[in-house]
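Tertiary structure, described
Here is how the chains run, residue by residue.
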Amino acid sequence: EEQNLYAEQKTKELEQAKAELEDYAEKLKQSAQYKTNFLANMSHELRTPLNSILILSQMLSENDSKSLSQEEVGYAKVIHSSGNDLLALIDDILDLSKIEAGKISLVMDEVSVAEIPELLKLVFDPVAEKKGLDFRIELQKDLPPIMQTDGQRLQQILKNLLSNAFKFTETGSVTLKLHRADPAAVSARMPDACAENMLAFSVIDTGIGIPKDKQGLIFEAFQQVDGNTNRIYGGTGLGLSICSEFAQLLGGYIALDSELHKGSTFTLYAPICLPDAQHALRQASME
Ligand code: ADP
C-alpha cells in the first residue's frame, strides 16, 4: 500500500516536471522569435536615420560651396566612413536574424562561371594595389560554363572571404582559384552530396594564418582570433558565420585550411546543378 502511494507520488512529480520542461521549451522558442523580430525591426529602423547621415556627410565632404576648411572636410569624411561601417554591421545583423528565422529566400538562376571572378576582380584589384599585394585568379581547365545557384549570395560569400584575405595579409598574394572539388574531401564532409556536382572556390592568402584551436570557433557569430582585448583588426566577427550559413543554404559548405604565420585557404564548395528534386519542384512551380 505504502509503496503504491510512493510510486503514485513519484509519477505525479515526473509529470509535473515534464509539463514544466515543455512550458520552458515553448517560452524559449517564443523568446527566440521575439529576438529575431526585434533585430529585424531594429535594423530596419536604424537604416533610415543612417541614410540621412550618409548622404549629408557625403555632401559635406564634397564641399561644393567651398565654405568648409580642410579640417572640417576631414571630419565629414570620418563621419561618412564610420556611417558606412555601421551600415555594414546592420546589414550583417539583419542577414543573420533572417537566416535564424528561416526567412532568407534564394534566387536561383543560371550563372556564368567565368563571370564570377571577373566581377570580383573589379572590386578587389584596387584593394590589392593599395596594399601592394598580388591578386591572382586561377581557373582550372574544363570548368562548367554555367552553374545553377543564387549568384548574388555566392558573390557575397566570396567577397567576404576575399576581404578577410586582404585584411589579414600584409605581404605576398591573395589567389582566387576555381576548381572541381576533390570527391574524397566532399564525401567526408557531406556523405550524401554528389561530389562531381560540386565546384570549389578557394581563397588562398599568404597572411597571418589562424591557430588550430581557433579554426572551428571563427565560424561562430562574434568570434575573432584576437578577441576583445588587444584588437588590431576591425570587424564584427559576423562575416564568417553568415558566409557559412549561406554556403549551407546554397547546398554546400566552407572548409578551412590554415597555418599560423603562413596563410589560410578558405574554400567554398557549391553545387553546379540543383539537385534533381529541387529541379523538379522548380519545373513544377513554373508550369
Ligand atoms: P571579422 O573579419 O569581421 O572579424 P569574420 O567572421 O569574417 O569577422 O572573421 C572572424 C575572425 O576570423 C577574424 O576576426 C579573424 O580573426 C579570423 N579570420 C578570418 N579570415 C581570416 C584570414 N584570411 N586570415 C586570418 N584570420 C582570419
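Residues numbered from 1 in each chain as written. Predicted model: local features only at pLDDT ≥ 70, side-chain atom pairs only at ≥ 80, totals over all residues. Heavy atoms only, no water.

An unreviewed UniProt entry lists the protein under the name Circadian input-output histidine kinase CikA, with Paenibacillus soyae as the source organism.

Before going further, it helps to examine the pattern of salt bridges. When their charged atoms lie close together, side chains carrying opposite charge are able to pair. Counted according to the given criterion, the structure contains eight salt bridges. Between D91 and R47 there is a salt bridge; the shortest N-O distance is 2.2 Å. Residue D91 is located in helix α2 (residues 70–100), and its partner R47 is located in helix α1 (residues 2–62); the two are separated by 44 residues in the primary sequence. The exposure class of D91 is partly exposed, given its relative accessible area of 28%. Judged by relative accessible area, which is 25%, R47 ranks as partly exposed. The closest approach of N and O atoms between R136 and D134, which form a salt bridge, is 3.2 Å. Exposure remark for D134: the relative accessible area of 40% places this residue in the partly exposed category. (Salt bridge = Lys/Arg side-chain N within 4 Å of Asp/Glu carboxyl O. Helix = DSSP H or I, 4+ residues; strand = E, 2+ residues; numbered from the N terminus. Buried < 20%, exposed > 50% of the residue type's maximum accessible area, 1.4 Å probe, protein only.)

Reading across from one edge, β2-β4-β5-β7-β6 is the order of the five strands in this open sheet, with mixed pairing throughout. Every interior strand has two partners, whereas the edge strands, β2 (134–139) and β6 (253–259), have only one. Each adjacent strand pair in this sheet contributes to an overall mean axis angle of 15 degrees, direction not counted. Summarising the sheet, β6 and strand β7 (residues 263–271) pair through seven bridges and their orientation is antiparallel. Note on β7: the bridge partner recorded for A255 is T267. The strands that helix α4 (residues 151–167) touches are β2, β4 (173–180), β5 (198–205), β6 and β7; relative to β5, the one it contacts most, it runs at about 20 degrees. (Pairing = 2+ DSSP bridges. Axes fitted to C-alpha atoms, helices over the stretch in contact; angles between N-to-C directions. Contact = heavy atoms within 4.5 Å.)

Attention now moves to helix α3 (residues 115–131). For α3, which comprises 17 residues, the first-to-last C-alpha distance of 25 Å matches the rise-based estimate of 24 Å (1.5 Å per residue) to within 8%. The principal kink in α3, of about 40 degrees, is found at F124, preceding the proline P126 by one to four residues. For α3, the complete set of buried residues consists of I116, P117, L120, F124 and A128. With its phi angle positive at about 70 degrees, G132 sits one or two positions after the end of α3. (Expected span 1.5 Å × (residues − 1). Bend = angle between axes of the 7 residues up to and from the residue.)

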